[in-house]
Amino acid sequence: MKIAVSDPGLWFAAFYVLAFLVTLAAVVIFSVRRRIELWPVLIMLTIMSMMTVLGSRLFTIPFSEWGRLIITGSFDGYSGRSAIGGLLFGLAGFVFSIRFLRIGMPVVNLFAWLTPIGFGIQKIGCFLNGCCYGEITSLPWGVRYSTGANAHFSQWSEGIIANDAA
């Protein structure tokens, strides 16, 4: 199977935003139907979103570069994202929110199944972008990313494939 996406970064961003929007819509609909006060839930979503984005960025920075990051306050040169960092920081924001905003168990239970759905939507963008790829394979269900995709660039820079190989 060959994945040829004209603008993979656009699709990554679109699915990244879509994951947040689906989560927001589900939580708002759930809260309104259950007559749960909406403001604490929206504040919780804001905290979680900010922490998720922050964590996804911070986990890609090597520890040796943290001093420079703290001094300059600049993320220049670190454009990657980490789903694990986003999940851990988002979880920290979630725990902080439910404790200090006194969010009830129905909302907590909602996130038990909503979080994997959001990450699943976001991972479709990762797949199309080519930033989450596996090992080289010749199996028929293997994915062949086009030249210029993140998977192509990574394998080319490691000397695994030629510059013009897909």
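Note that this is a predicted model, so its numbers are computed, not measured.

Rules of the game
Residues numbered from 1 in each chain as written. Predicted model: local features only at pLDDT ≥ 70, side-chain atom pairs only at ≥ 80, totals over all residues. Heavy atoms only, no water. Helix = DSSP H or I, 4+ residues; strand = E, 2+ residues; numbered from the N terminus. Buried < 20%, exposed > 50% of the residue type's maximum accessible area, 1.4 Å probe, protein only. Contact = heavy atoms within 4.5 Å. 1 Å grid on protein atoms, 1.4 Å probe; cavity = no way out; pocket = protein on both sides within 12 Å on 5 of 7 lines; lining within 4 Å. Points joined across faces, edges and corners; volume = space filled by probe spheres on them. Nonpolar A, V, L, I, M, F, W, Y, C, P; charged D, E, K, R; others polar. Core = buried A, V, L, I, M, F, W, Y, C linked by side-chain atoms within 4.5 Å. Axes fitted to C-alpha atoms, helices over the stretch in contact; angles between N-to-C directions. Parallel < 35°, antiparallel > 145°, perpendicular 65-115°, else oblique. Left-handed = near helix turned anticlockwise from the far one by under 90°. Polar contact = N/O pair within 3.5 Å; in protein donor to acceptor, adjacent residues only side chain to side chain. Phe/Tyr/Trp six-rings, centres within 6.5 Å; stacked < 30°, edge-to-face > 60°.

Describing the environment of C132
Turning to step 1, where the next piece is worked out: You can see C132 is positioned in the loop between α5 (105–129) and β2 (144–145).
Turning to step 2, where the next piece is worked out: For C132, a relative accessible area of 35% translates into the label partly exposed.
Turning to step 3, where the next piece is worked out: Separated by 19 residues in the primary sequence, C132 and A151 place their C-alpha atoms 7.6 Å from one another.
Turning to step 4, where the next piece is worked out: Beyond its immediate chain neighbours, meaning those up to four positions away, C132 contacts K123, C126 and Y145.

Some details on the layout of surface pockets
It is a probe the size of a water molecule, rolled over the atoms, that shows where empty space is left.
Turning to step 1, where the next piece is worked out: Approximately 790 Å³ is the volume found for the largest pocket.
Turning to step 2, where the next piece is worked out: What lines the largest pocket is a set of 36 residues, among which F20, T52, G86, G118 and F119 lie closest to the centre.
Turning to step 3, where the next piece is worked out: In terms of residue count, the dominant contributor to the lining of the largest pocket is α5 (9 residues).
Turning to step 4, where the next piece is worked out: The class makeup of the residues in the lining of the largest pocket is 19 nonpolar, 15 polar and 2 charged.
Turning to step 5, where the next piece is worked out: Taken as a whole, the second largest pocket holds about 450 Å³ of empty space.
Turning to step 6, where the next piece is worked out: Counting only elements with at least two residues in the lining of the second largest pocket, the list comes to β2 and α6 (150–157).
Turning to step 7, where the next piece is worked out: Looking at which element gives the most residues to the lining of the second largest pocket, the answer is α6, with 3 residues.
Turning to step 8, where the next piece is worked out: In terms of residue class, the lining of the second largest pocket is made up of 12 nonpolar, 6 polar and 2 charged.

Comments concerning the nonpolar core
Turning to step 1, where the next piece is worked out: Counting 13 residues, the largest nonpolar core has V27, V41, M44, F94, V107 and F111 as the members making the most contacts within it.
Turning to step 2, where the next piece is worked out: Those elements that provide at least two residues to this core are α1 (8–33), α2 (38–58) and α5.
Turning to step 3, where the next piece is worked out: In terms of residue count, the dominant contributor to this core is α5 (5 residues).

Structural notes on the packing of α1 against α5
Turning to step 1, where the next piece is worked out: It is at 8 Å that the axes of α1 and α5 come closest, and there the two elements cross at 165 degrees. As summarised for this structure, α1 and α5 are arranged roughly antiparallel, according to the angle between their axes. As for how α1 packs across α5, the hand of that crossing is right-handed.

Focus on the side chain of S56
Turning to step 1, where the next piece is worked out: You can see S56 is positioned in helix α2.
Turning to step 2, where the next piece is worked out: On the basis of relative accessibility, which here comes to 4%, the residue S56 falls in the buried class.
Turning to step 3, where the next piece is worked out: Only 2.8 Å separates the side chain of S56 from the backbone oxygen of V53, close enough to count as a polar contact.

Topic: the packing of aromatic side chains
Turning to step 1, where the next piece is worked out: Scanning all chains against the criterion turns up 5 aromatic pairs.
Turning to step 2, where the next piece is worked out: Each ring, one from Y16 and one from F20, has its centre 5.5 Å from the other, and the planes form 65 degrees; the classification is edge-to-face. Here Y16 pairs with F20, and both are found in helix α1, just 4 residues apart, close to one helical turn.
Turning to step 3, where the next piece is worked out: For Y16, a relative accessible area of 15% puts it in the buried group.
Turning to step 4, where the next piece is worked out: Ring centres 5.3 Å apart and planes at 50 degrees place the aromatic pair F94 and F111 in the tilted group.

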